[in-house]
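# An overview of the molecular structure
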Amino acid sequence: MRDFASRHPVWTVIILLAVAVFIWLIFAVWPKGLVDVIGRKKVFLNAVFNGITLGGLYFLVASGFTLIFGLMRNVNLAHGSLYLLGGYIGYFVASSTGFWLLAFPVAFVLVAIVGILMQIFIFRRMEGQDLRQTLVTIGISIVMADLMLWGFGGDFYNISPPSWLSGPMETLFVTGVKRSSGELIYLKYPVVRVVIFLASVVIGVAMWLILNRTQIGMMIRAGVDDRDMLSATGARIQLVFVGVFAFGAGLAGIAGVVGGTFQSVAPGEDIRFLLASLVVVIVGGMGSITGAALGALLIGLAEQFGSVYFPTYAVVLTFLIMVLVLAFRPQGLMGRS
């Protein structure tokens, strides 16, 4: 951060001013003139929080993708299918048992098993062959999509959270003032979104600590940089990579349950979240957990603000961010040069 500020003082000032204005917009009571220009503050705050929580969902999907694609260099374009499979598994576990929390470990384990089979029987046989991996995983995603359409139908499924997570909670953010009494009006926001976002933060911090502060993380990074040298030390590199692939696939399964709770599980969601994962990894930087978090937050906010303030060009805003990052920092915001 200090290096960036010393090299780009003007951009640093612009970024700090933009952050200060954004914070003021969140916490201040808006004057009437600003409401006439932007609209109601409640709509603005909902877009902010929806973007942040959507970013948490994108991070869960993209963090597994960045482990598999960014660290292991496995081009798995069936990652969106793993997300959708986890959503279907989570729905049927939650609806049949009535226990919402049970859907998460079951989806994680079952989708992780699928990931292990893919790593052993597909990616291990095509190491370093990016084009073959791309074509084969595209075929797998098409087959999986057709099998899920045949097995689950084309209906939309919503995973219902438990009663203790239902309903809104009152936040500390002011959306307006009552004219009659002068009493402040505070934003109410769904509890389940807040809880799941906090859980995604915990998962992200745990992943960063494992990759950067443990021996297993050191082995993973060393295996990516020089696999032959690590194998010469006696480390079971193939077992480590199977574990990483399984964990990344399991995260996609968990994200499917989260997505089914936030929104819905339906055919076509696999393509949407695969594209979102690709954009997040490109913006944040391959192999960087911090970059995946930053990229997911930017893309989530861009989607929500675009859908609220200029819905016709919402998709353009997302890809504009990606184009700007590729133009000025091709390795991604947090990627290594």
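Note: the structure precedes this text.
Residues numbered from 1 in each chain as written. Predicted model: local features only at pLDDT ≥ 70, side-chain atom pairs only at ≥ 80, totals over all residues. Heavy atoms only, no water.

With 6 bridges connecting them, strand S1 (residues 168–177) and strand S2 (residues 184–190) associate as antiparallel partners. Bridge pairing in S2 places valine 174 opposite tyrosine 186. Between the antiparallel neighbours S1 and S2 lie 6 residues, among them glycine 182 with a positive phi of about 75°. (Pairing = 2+ DSSP bridges. Helix = DSSP H or I, 4+ residues; strand = E, 2+ residues; numbered from the N terminus.)

Let's shift gears to the nonpolar core. Counting residues in each nonpolar core, the largest one holds 68 residues, and the members touching the most others are Leu57, Tyr58 and Val258. For this core, the leading source of residues is helix H11 (residues 237–262), giving 13 residues. Those residues in contact with tyrosine 58 that sit more than four places away from it in its chain are Arg272, Phe273, Ala276, Val280, Ala296, Ile299, Gly300 and Glu303. (Core = buried A, V, L, I, M, F, W, Y, C linked by side-chain atoms within 4.5 Å. Buried < 20%, exposed > 50% of the residue type's maximum accessible area, 1.4 Å probe, protein only. Contact = heavy atoms within 4.5 Å.)

The next point concerns a nonpolar patch on the surface. On the surface, Val10, Trp11, Ile14, Ile15, Val19, Ile23 and Phe27 cluster together into a nonpolar patch covering about 700 Å² of accessible area. You can call isoleucine 14 partly exposed: its relative accessible area is 43%. (Patch = residues over 30% accessible without salt bridge, like charges linked within 9 Å, V, L, I, M, F, W, Y side chains within 5 Å. Areas by Shrake-Rupley, 256 points an atom, 1.4 Å probe, with all protein chains shown as cover. Salt bridge = Lys/Arg side-chain N within 4 Å of Asp/Glu carboxyl O.)

Its location among the elements puts tyrosine 309 in helix H13 (residues 289–309). A residue is classified by how much of its surface remains accessible, and tyrosine 309, at 29% relative accessible area, is partly exposed. Between the C-alpha atom of tyrosine 309 and that of leucine 71, which follows or precedes it by 238 residues, the distance is 37 Å. Excluding residues within four positions of it along the chain, tyrosine 309 makes contact with Ile38 and Phe44.

Secondary-structure assignment places phenylalanine 247 in helix H11. Note on phenylalanine 247: relative accessible area 32%, which makes it partly exposed. The sequence separation of phenylalanine 247 and serine 95 amounts to 152 residues, and the corresponding C-alpha distance is 25 Å. Setting aside chain neighbours within four positions, we find phenylalanine 247 in contact with Leu67, Phe108 and Met207.

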